[in-house]
Amino acid sequence: MVYEVRPDEMAELKAQSQRLGVEIETTSAVPTLENATLAAGCLGVSILGQGRIDAPLLDAYKALGVAYLSTRTIGYDHIDLDHAHAIGLRVCNASYAPNGVADFTVMMILMCLRQYKQALWRGQVNDFSLAGLQGREMKDLTIGIIGTGRIGTQVIRNLSGFGCRILAYDLRRNPAVESLVTYVDFDTLLGQSDVISLHMPLLESNRHMINRDAIARMKDGVVIINCSRGELADIEALIEGIETEKIGALGMDTAEGDEGIIHADHRVDILPNRNWFYLHQFRNVIMTQHMAFYTDAAVASMVRCGLEGICQMASGQSCPTELKADAAR
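Residues numbered from 1 in each chain as written. Predicted model: local features only at pLDDT ≥ 70, side-chain atom pairs only at ≥ 80, totals over all residues. Heavy atoms only, no water.

(A) View of the packing of helix H4 (residues 99-113) against helix H6 (residues 150-159). With their axes 8 Å apart at the nearest point, H4 and H6 run at an angle of 50° to one another. Taken together, the axis directions place H4 and H6 in an arrangement best described as oblique. As for the relative orientation of H4 and H6, their crossing is right-handed in sense. Facing Asn99, Val101, Ala102, Asp103, Thr105, Val106 and Ile109 of H4, the residues of H6 in contact are Ile151, Gln154, Val155, Asn158 and Leu159. Looking at the contact of H4 with H6 residue by residue, the classes come out as 7 nonpolar, 4 polar and 1 charged. (Axes fitted to C-alpha atoms, helices over the stretch in contact; angles between N-to-C directions. Helix = DSSP H or I, 4+ residues; strand = E, 2+ residues; numbered from the N terminus. Parallel < 35°, antiparallel > 145°, perpendicular 65-115°, else oblique. Left-handed = near helix turned anticlockwise from the far one by under 90°. Contact = heavy atoms within 4.5 Å. Nonpolar A, V, L, I, M, F, W, Y, C, P; charged D, E, K, R; others polar.)

Here you go:
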């Protein structure tokens, strides 16, 4: 049973189901307890990231005979992984090349540094003035990268051609980028970086790692980029940072509270998330609809992982993206 199916996934879903020899049912609905029965008789369930896959929903799937769950996303904080393992339900996530998100991250940095949101707005009303649009050049700046996994590493490689100084923080150093960066502790990165970009999975240990205290330790006018997970940054702290001008600009492909907002057309809806929309309206805040991942290559890989991972777990093969019991800690 494949939930949250987008039209752009259909061709690849059909191709992969034929390749793997499996039958699939699809729905565009976000998984909920109310529609759990759609998975009756299915060996596995595949989801995206808009629904909360909590203990009651996992129990419902288990009772229906579901043994395997795949999320067609890299992030998996929407799943109660501990409970899934406790009831014997195996879970895997997706994998795709880091280039799309890394390219998008650099684009976000450049748009923030060159005041592009304001320039775009002015141009739409035939205002071609320059006042307030002066930017900064990357070669003169220090860029801090938090997280040097696959995506963070590709961002560093992309940035290395701009001539900027690059600092990095991670609990584990990555030998692949040590020649391109200077690894520092968290406080040093906060205090010395002109631009800070987040590239971490969301864990309980790093939720709200960008908070009031962390922002207070940053440079005045710092640019913060988040193309990773929204809840790495406390949205109220970000708002305060923008209002006080401690933060010079934000480039956010994901922000805390975007569930139920992103990936849908809300032009005629009344939505209650005040913080998200308040942050969205500032002239120096760029917020996109969680689309950094959204390339043709990445979508194909996500769909392939979504079906192939279930088949691998069910057939006793090794599943490279299976999430172990301690993955969420």
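(B) Spotlight on the nonpolar core. One finds Ile143, Leu159, Val195 and Ile225 to be the most contacted residues of the largest nonpolar core, which totals 36 residues. The leading source of residues in this core is H4, at 9 residues. Those residues in contact with Leu159, other than ones at most four positions away along the chain, are Val106, Ile109, Met138, Ile143, Ile145, Cys164 and Ile166. Counting 35 residues, the second largest nonpolar core, distinct from the first, contains Leu190, Met209, Ile210 and Ile242. (Core = buried A, V, L, I, M, F, W, Y, C linked by side-chain atoms within 4.5 Å. Buried < 20%, exposed > 50% of the residue type's maximum accessible area, 1.4 Å probe, protein only.)

(C) Structural detail: the pairing of strand S5 (residues 165-169). The buried count for S5 comes to 4 of 5 residues, which makes it a mostly enclosed element. By the bridge criterion, 5 bridges tie strand S4 (residues 142-146) to S5 in an arrangement that is parallel. Counted as the bridge partner of Gly144 is Leu167 from S5. With H6 bridging S4 and the parallel S5, this β-α-β connection has right-handed handedness. In this sheet, strand S6 (residues 182-183) lies alongside S5 in parallel orientation, the contact comprising 2 bridges. The residue bridging Ala168 from the neighbouring strand is Tyr183, located in S6. (Pairing = 2+ DSSP bridges. Right-handed = clockwise from strand over helix to strand, strands pointing away.)

(D) Region of the structure containing the packing of aromatic side chains. Enumeration according to the criterion identifies 5 aromatic pairs in this entry. Seen from their ring centres, Tyr169 and Phe186 are 5.4 Å apart, and the 50° between their planes marks the pair as tilted. With Tyr169 in strand S5 and Phe186 in helix H7 (residues 186-192), this residue pair connects regions lying 17 residues apart in the sequence. Summarising the burial analysis for this pair, Tyr169 and Phe186 share the class buried. Ring plane angle 70° and centroid distance 5.0 Å describe the contact between Trp276 and Phe277, whose orientation is recorded as edge-to-face. (Phe/Tyr/Trp six-rings, centres within 6.5 Å; stacked < 30°, edge-to-face > 60°.)

(E) Region of the structure containing the sheet that holds strand S7 (residues 195-198). Read across the open sheet, the 7 strands follow the order S6-S5-S4-S7-S8-S9-S10; overall the sheet is parallel. Only two strands of the sheet have a single partner each, and these edge strands are S6 and strand S10 (285-287). Direction of pairing for strand S9 (residues 247-252) relative to S10: parallel, over a ladder of 3 bridges. Bridging from a neighbouring strand, Leu250 pairs with Val285 of S10. Together, S7, strand S8 (222-226), S9 and S10 form the strand contacts of H4, whose direction differs from that of S8 by roughly 150°.

(F) Structural view of the sheet that holds strand S1 (residues 44-47). Taking strand neighbours across the sheet as the criterion, the 3 strands line up as S1-S2-S3 in an open arrangement whose pairing is parallel. Sheet topology places S1 and strand S3 (90-92) at the edges, where each strand pairs with a single neighbour. Each strand of the sheet is rotated relative to its neighbour by a mean of 15°, with strand direction disregarded. Sheet analysis places S1 next to strand S2 (residues 68-71), joined by 4 bridges and oriented parallel. When the sheet's bridge partners are listed, Gly44 is paired in S2 with Tyr68.

(G) How the structure looks around helix H9 (residues 235-243). Buried within H9 are the following residues: Ile235, Ala237, Leu238, Ile239, Gly241 and Ile242. The secondary structure elements touched by the buried residues of H9 are helix H8 (212-216), S8, S9, helix H10 (274-280) and S10. For H9, the side-chain oxygen to backbone nitrogen distance between the N-cap and Glu236 is 3.0 Å, and the N-cap itself is Asp234. Looking one or two residues beyond H9, the residue adopting positive phi is Glu245, at roughly 65°. (Polar contact = N/O pair within 3.5 Å; in protein donor to acceptor, adjacent residues only side chain to side chain.)

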